[in-house]
Amino acid sequence: MLDGTHTMIPALRPSGDLSILAGTRGRPMPPYLIQVVDTPDKLSSYHALRHREFVERQGLFDRTDRDDTDDDPRAVVLAAVTGDGTLIGGVRVAPCTATDIGWWSGSRLVVADPAHAAGIGAALVRAACAYVESVGVVRFDATVQDRYAGMFRTLGWEDRAAGPTLAGRAHREMRWPIGHIQQTADSTKAILADVLAPLGRQPGGLGPSGFRGDDGVPVPESDVIAACDAILPAMVDRDPEWAGWCSVLVNLNDLTAMGAAPLGLLDAVAAPTRSHLTRIMRGVASAAQAWRAPVLGGHTQLGVHASLSVTALGRTARPVPAGGGRVGDTVSLIADLGGGWRPGYHGRQWDSSSARSADELADMAGLIRRLQPAAAKDVSMAGVAGTLGMLAEASGTGAELDVAAIPRPTDASMGNWLTCFPGYAMLVADRHAHDTVAGPTVGASCGRLTGDPGVRLRWPDGEVTVAVASTVTGLGAA
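An unreviewed UniProt entry annotates the protein as AIR synthase related protein of Gordonia tangerina.

Chemist: Before we go on, may I ask you to explain the overall build of the protein in this structure?
Modeler: On a plain count of helices and strands, the protein comes out with twelve helices and 21 strands. Going through the 478 residues of the protein one by one, you find that 51% of them count as buried. Considering only contacts within the protein whose residues lie at least 6 apart along the sequence, 74% involve residues at least 24 apart. Of the roughly 20,400 Å² of accessible surface on the protein, 53% is carried by carbon and sulfur atoms. Taking the average location of the 42 positive side-chain charges in the protein and that of its 50 negative ones, the two points are 2 Å from each other.

Chemist: Please explain the sheet that holds strand E1 (residues 32–36) as it appears in this structure.
Modeler: Within a beta sheet, neighbouring strands are joined by backbone hydrogen bonds and run either parallel or antiparallel to one another. Pairing in this open sheet of seven strands is mixed, and the strands run E1-E2-E3-E4-E5-E7-E6 from one edge to the other. With partners counted over all chains shown, the strands left at the sheet margins are E1 and strand E6 (158–166), one partner each. Between one strand axis and the next, the sheet turns through 25° on average, direction left out of account. Lying on the sheet, helix H2 (residues 120–134) is in contact with E1, strand E2 (76–82), strand E3 (87–95), strand E4 (103–111), strand E5 (139–145) and strand E7 (169–176); it crosses E4 at an angle near 160°.

Chemist: Looking at this structure, I do not really get the sheet that holds strand E11 (residues 295–302). What am I missing?
Modeler: Overall, mixed pairing links the five strands, which are arranged E8-E9-E12-E10-E11 in an open sheet. Bordering the open sheet on either side are strand E8 (217–218) and E11, each of which pairs with just one other strand. On top of the sheet, helix H8 (residues 274–290) reaches strand E10 (261–271), E11 and strand E12 (307–315); it is set at about 170° to E10, its chief contact.

Chemist: Help me understand the nonpolar core, please; the structure alone is not making it clear to me.
Modeler: Generally speaking, soluble globular proteins have nonpolar side chains that are buried together. In terms of nonpolar packing, the biggest core is built from 46 residues, with Ile231, Leu252, Leu265, Trp291 and Leu308 touching the most fellow members. Here the element with the most residues in this core is helix H7 (residues 240–258); it accounts for eleven residues.

Chemist: Could you clarify how one ought to interpret the pattern of salt bridges in this entry?
Modeler: Two side chains bearing opposite charge may form a pair once their charged atoms approach each other closely. The full count for this structure, using the stated rule, is 31 salt bridges. Put simply, Glu400 and Arg448 hold a salt bridge, and the shortest N to O gap is 2.7 Å. Of the two residues, Glu400 is situated in strand E17 (residues 398–402) and Arg448 in strand E19 (residues 442–450); the sequence distance between them amounts to 48 residues. Several salt bridges converge on common partners, so that one network encompasses Arg50, Asp65, Arg66, Asp67, Asp70, Arg92 and Arg108.

Chemist: Any chance you could explain unusual backbone geometry here in plain terms?
Modeler: The bulk of non-glycine residues show a negative phi, and the bulk of peptide bonds are trans. Phi at Glu221 takes a positive value of approximately 60°, unusual for a residue other than glycine. For Glu221, a relative accessible area of 88% gives the class exposed.

Chemist: Mind showing me how you'd approach the side chain of Ser413 here?
Modeler: As for its placement among the helices and strands, Ser413 is situated in the loop between E17 and helix H12 (414–419). In contact with Ser413, other than residues within four places in its own chain, are Val135, Gly136 and Arg408.

Chemist: Any chance you could explain the packing of aromatic side chains here in plain terms?
Modeler: Each aromatic ring pair is summarised here by two numbers: the centre-to-centre distance and the angle between the ring planes. Inspection of every chain in the model, using the stated rule, returns seven aromatic pairs. Members of the aromatic cluster, each reached through a chain of ring pairs, are Phe140, Phe152, Trp157 and Trp176. The ring of Trp103 has Arg139 sitting right over it, with the charged end atom 4.1 Å from the ring centre. Positioned above the aromatic ring of Tyr345 is the side chain of Arg238, whose terminal nitrogen or guanidinium carbon lies 4.8 Å from the ring centre.

Chemist: Even after reading the chapter, I still don't get helix H11 (residues 383–395), so can you show me in this structure?
Modeler: For an α-helix, 3.6 residues make a turn, and residues three or four places apart therefore share a direction. Relative to the 18 Å expected for 13 residues at 1.5 Å per residue, H11 spans 18 Å between its end C-alpha atoms, a close match to the ideal helical length. Across the 13 residues that make up H11, a large majority, 13, are buried. Downstream of H11 by one or two residues, Gly396 has phi in the positive range, about 75°.

Chemist: How should the pairing of strand E21 (residues 464–468) be read in this particular structure?
Modeler: Each regular strand carries side chains that alternate between the two faces of the sheet. Two elements, strand E20 (residues 455–458) and E21, share four bridges in a ladder whose sense is antiparallel. Bridged to Val455 within E21 is Val468. In textbook terms, the turn of a hairpin is the stretch between consecutive antiparallel strands, and for E20 and E21 this stretch comprises five residues, one of which, Gly462, has a positive phi near 90°.

Chemist: I'm lost on the state of the cysteines in this one. Help?
Modeler: Here a disulfide denotes one covalent bond, and it connects the sulfur atoms of two cysteines. Considering all chains together, one arrives at zero disulfides under this definition. Cys129 forms no disulfide, and the closest cysteine sulfur to it belongs to Cys96, at a distance of 14 Å. For the unlinked cysteine Cys228, the closest cysteine sulfur is that of Cys246, found at 15 Å.

Chemist: Would you take a moment to explain the confidence of the model for the protein for this structure?
Modeler: This prediction gives the protein a mean pLDDT of 92; 93% of its residues lie at or above 70. Counting contacts from residues 3–26, a segment whose pLDDT is below 50, to residues more than four positions away or on other chains yields 52 contacts.

Chemist: I keep staring at the environment of Tyr32 and nothing clicks. Help me out?
Modeler: Within the element layout of this structure, Tyr32 appears in strand E1. Residues Tyr32 and Ile88 lie 56 residues apart in sequence; the distance between their C-alpha atoms is 8.5 Å. For Tyr32, the contacting residues outside a window of four places in its chain are Ala80, Val81, Thr82, Ile88, Gly119, Ile120 and Ala123.

Chemist: What is the right way to look at the packing of H7 against H8 in this model?
Modeler: Between two packed helices, both the angle of their axes relative to each other and the distance between the axes serve to describe the pair. For the pair H7 and H8, the least separation of the axes is 7 Å and the interaxial angle reads 35°. Of the two possible hands of crossing, H7 and H8 adopt the one that is right-handed. Only His276, Arg279, Ile280, Arg282, Gly283, Val284, Ser286, Ala287, Ala288 and Ala290 of H8 make contact with H7, whose side of the interface consists of Pro240, Glu241, Gly244, Trp245, Ser247 and Val248.

Reading the values: the criteria
Residues numbered from 1 in each chain as written. Predicted model: local features only at pLDDT ≥ 70, side-chain atom pairs only at ≥ 80, totals over all residues. Heavy atoms only, no water. Helix = DSSP H or I, 4+ residues; strand = E, 2+ residues; numbered from the N terminus. Buried < 20%, exposed > 50% of the residue type's maximum accessible area, 1.4 Å probe, protein only. Contact = heavy atoms within 4.5 Å. Areas by Shrake-Rupley, 256 points an atom, 1.4 Å probe, with all protein chains shown as cover. Lys, Arg positive; Asp, Glu negative; His and termini not counted. Charge placed at Lys NZ, Arg CZ, Asp CG, Glu CD. Pairing = 2+ DSSP bridges. Axes fitted to C-alpha atoms, helices over the stretch in contact; angles between N-to-C directions. Core = buried A, V, L, I, M, F, W, Y, C linked by side-chain atoms within 4.5 Å. Salt bridge = Lys/Arg side-chain N within 4 Å of Asp/Glu carboxyl O. Phe/Tyr/Trp six-rings, centres within 6.5 Å; stacked < 30°, edge-to-face > 60°. Lys NZ or Arg CZ within 6 Å of the ring centre and 35° of its normal. Expected span 1.5 Å × (residues − 1). Disulfide = S-S within 2.5 Å. pLDDT = per-residue confidence, 0-100. Left-handed = near helix turned anticlockwise from the far one by under 90°.

Shown next as structure tokens:
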């Protein structure tokens, strides 16, 4: 429980002023910093502070307030510490499940001097929220005493329901709204409907019926699939070889999601210097060779700002749409969990492909073509949750993910995995699960398409939270 032991006081008064709330002369608290407790003595001070407050003063517990969370090595204590090292408050945060799936709770919020601790409790709560978001938590709950629920609501917490009563003190169930998934979807895809509207008014614009807004587009009157992606200029500037590699990776992933076999690539490359251009092309050439997809031609320019885009051409007589799902379909995630975070892009780009052999890459490139699901979509910069929202939108449905069933690398937090570019990951919707796949990938059925727009997360306790409130792109059903 987050049992805060003070009310918020707007500002510290000079020591000679009378405290209106306390009826006594106020004692301003010394300056303090909130830090992660990493020494045994500070942890002991925090436990002692808790014991005095929750056992001796409030009587919430008979002999001790220690519990299993204190023995969990994943638990983190944040403490308010003065300049001389005195601990004057603390709060505990920890995962709620044996396997960390991004669901954490806060508890044992305590301050040393409730009558004169203006703002310390609130500062600890804010620090706890910031900390859990920084480590990729998706859901953050707390059980707080009724008398402190107002403070939490003021800080932006959602009041969920009545909680337990302990030692005669009623509690409330509270939740901190973490909007990282929604923000990722909004920042990457929300503008598409508006800015692409002029293209859609043209006959045949934005692709044929059933493939609107898809990863690739069937070229009319042919079995050719075309896909095109550009790389962020900042990435081309900062990491040209990796940008070149990714320009091939993202395009061939798009062909994969459509069930198309690659024919070749076209590139458009610009750079300020010859050496920079050479590094970009080195990355493009390495990836093209690894995927056995030759660069057939393109455009090259020197002496201008760096930029890079690639078009991929593939072939299939049976393209798989993103919008082929229907309500009740099982959602499966098929992903390559090998590799690790790309240096310099921790939490944003997972690199599994650069260590794979050409045979392994070819096997993964043919996966959707072999499975032929009803719908498929390559996980893009919108992340797993945002991309599922796009698949659902194209299918005219919503979606729900079972958080505990989502396959992910052990080194990736759930929050990061749901919002990052995962290297190779395909979301498929079909009448049945696709949880047995060959090659270096793993597959798991982890959700379903629903009748309500948006994407929701289902947790092991039965709670359902909103990840994406509505449609992602605004383009509507394909």
